[in-house]
Amino acid sequence: VQLQASGGGSVQAGGSLRLSCAASGGSFSSRGMGWFRQRPGKEREFVAAINWSGSSTYYVDSVKGRFTISRDNAKKTVFLQMISLKPEDTAVYYCGRQSSRFSGGNDDAQSYDYWGQGTLVTVSS
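None of the values given here were measured: they were computed from a predicted structure.

Visitor: I would appreciate a short explanation of the environment of isoleucine 69 in the present structure.
Guide: Looking at where isoleucine 69 falls in the secondary structure, it is placed in strand S7 (residues 67-72). When sequence neighbours within four positions are dropped, the list of residues in contact with isoleucine 69 reads Met33, Gly34, Trp35, Ala48, Ala49, Ile50, Thr57, Tyr59, Val78, Phe79 and Leu80.

Visitor: Before we go on, may I ask you to explain the state of the cysteines in this structure?
Guide: What is meant by a disulfide is a covalent connection between two cysteines, made through their sulfur atoms. This model, assessed by the stated rule, comprises one disulfide. The disulfide that involves cysteine 21 links it to cysteine 95, with 2.0 Å between the sulfurs. Given an S-S torsion of about 65 degrees, the disulfide between cysteine 21 and cysteine 95 has right-handed geometry. You can see cysteine 21 sitting in strand S3 (residues 17-24) and its partner cysteine 95 sitting in strand S9 (residues 91-101), a full 74 residues away along the chain. Across this residue pair, the class does not change: cysteine 21 and cysteine 95 are buried.

Visitor: Sorry, what's going on with the nonpolar core here?
Guide: Note that soluble globular proteins tend to have their nonpolar side chains buried in a common cluster. Grouped together as the largest cluster of nonpolar side chains are 26 residues, with contacts concentrated most on Trp35, Leu80, Met82 and Tyr93. For this core, the secondary-structure elements that each account for two or more residues are strand S1 (2-6), S3, strand S4 (31-38), strand S5 (44-50), S7, strand S8 (77-82), S9 and strand S11 (119-124). With four residues, S3 is the largest single contributor of residues to this core.

Visitor: I'm lost on the packing of aromatic side chains in this one. Help?
Guide: Any pair of aromatic rings gets described here by the distance separating the centres and the angle formed by the planes. For the coordinates displayed, the defined rule picks out five aromatic pairs. Ring centres of phenylalanine 36 and tryptophan 115 lie 5.1 Å apart, and the angle between their planes is 80 degrees; on these two criteria the pair is classed as edge-to-face. Here tryptophan 115 lies in strand S10 (residues 112-115) and phenylalanine 36 lies in strand S4, a separation of 79 residues in the sequence. Look at tryptophan 52 and phenylalanine 102: their rings are 4.9 Å apart centre to centre, the planes differ by 75 degrees, and that puts the pair in the edge-to-face class. Separated by 50 residues along the polypeptide, tryptophan 52 in the loop between S5 and strand S6 (57-59) and phenylalanine 102 in the loop between S9 and S10 bring together distant segments of the chain. Under the relative-accessibility criterion, phenylalanine 102 is labelled partly exposed at 45%. These aromatic residues form a ring-pair network of at least three members: Phe36, Phe46, Tyr112 and Trp115. Just above the ring of phenylalanine 28 sits the side chain of arginine 71; from NZ or CZ to the centre is 4.5 Å.

Rules behind the numbers
Residues numbered from 1 in each chain as written. Predicted model: local features only at pLDDT ≥ 70, side-chain atom pairs only at ≥ 80, totals over all residues. Heavy atoms only, no water. Helix = DSSP H or I, 4+ residues; strand = E, 2+ residues; numbered from the N terminus. Contact = heavy atoms within 4.5 Å. Disulfide = S-S within 2.5 Å. Buried < 20%, exposed > 50% of the residue type's maximum accessible area, 1.4 Å probe, protein only. Core = buried A, V, L, I, M, F, W, Y, C linked by side-chain atoms within 4.5 Å. Phe/Tyr/Trp six-rings, centres within 6.5 Å; stacked < 30°, edge-to-face > 60°. Lys NZ or Arg CZ within 6 Å of the ring centre and 35° of its normal.

Spatial relationships are all this shows, so hold off on functional conclusions.
Below, the structure is given as structure tokens:
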């Protein structure tokens, strides 16, 4: 399985970006997907996750109401729509695929078996 993340860039505070993560090879539609991020000098942290069908989503408190995760199983792609961006959202964003079939999507990085290469989001004040 290969995951290709894209859509990062530089924006001013209050701006928006939409990240995409396209999967190739292996299973996608039966697996939960998630977005994590690594801010400068910090550990990788959970941002958002979506279950295999797209019916349930989960967010870290700091992005609730600003970020929306979604997926298109036909296109094998997961998205992260980000609005009202803040400088503290600056990070490299990684998408991940959960290892278990029909997985629910969660914040446990150990439950993810494949990761994308990361896409950099920079938010300036």
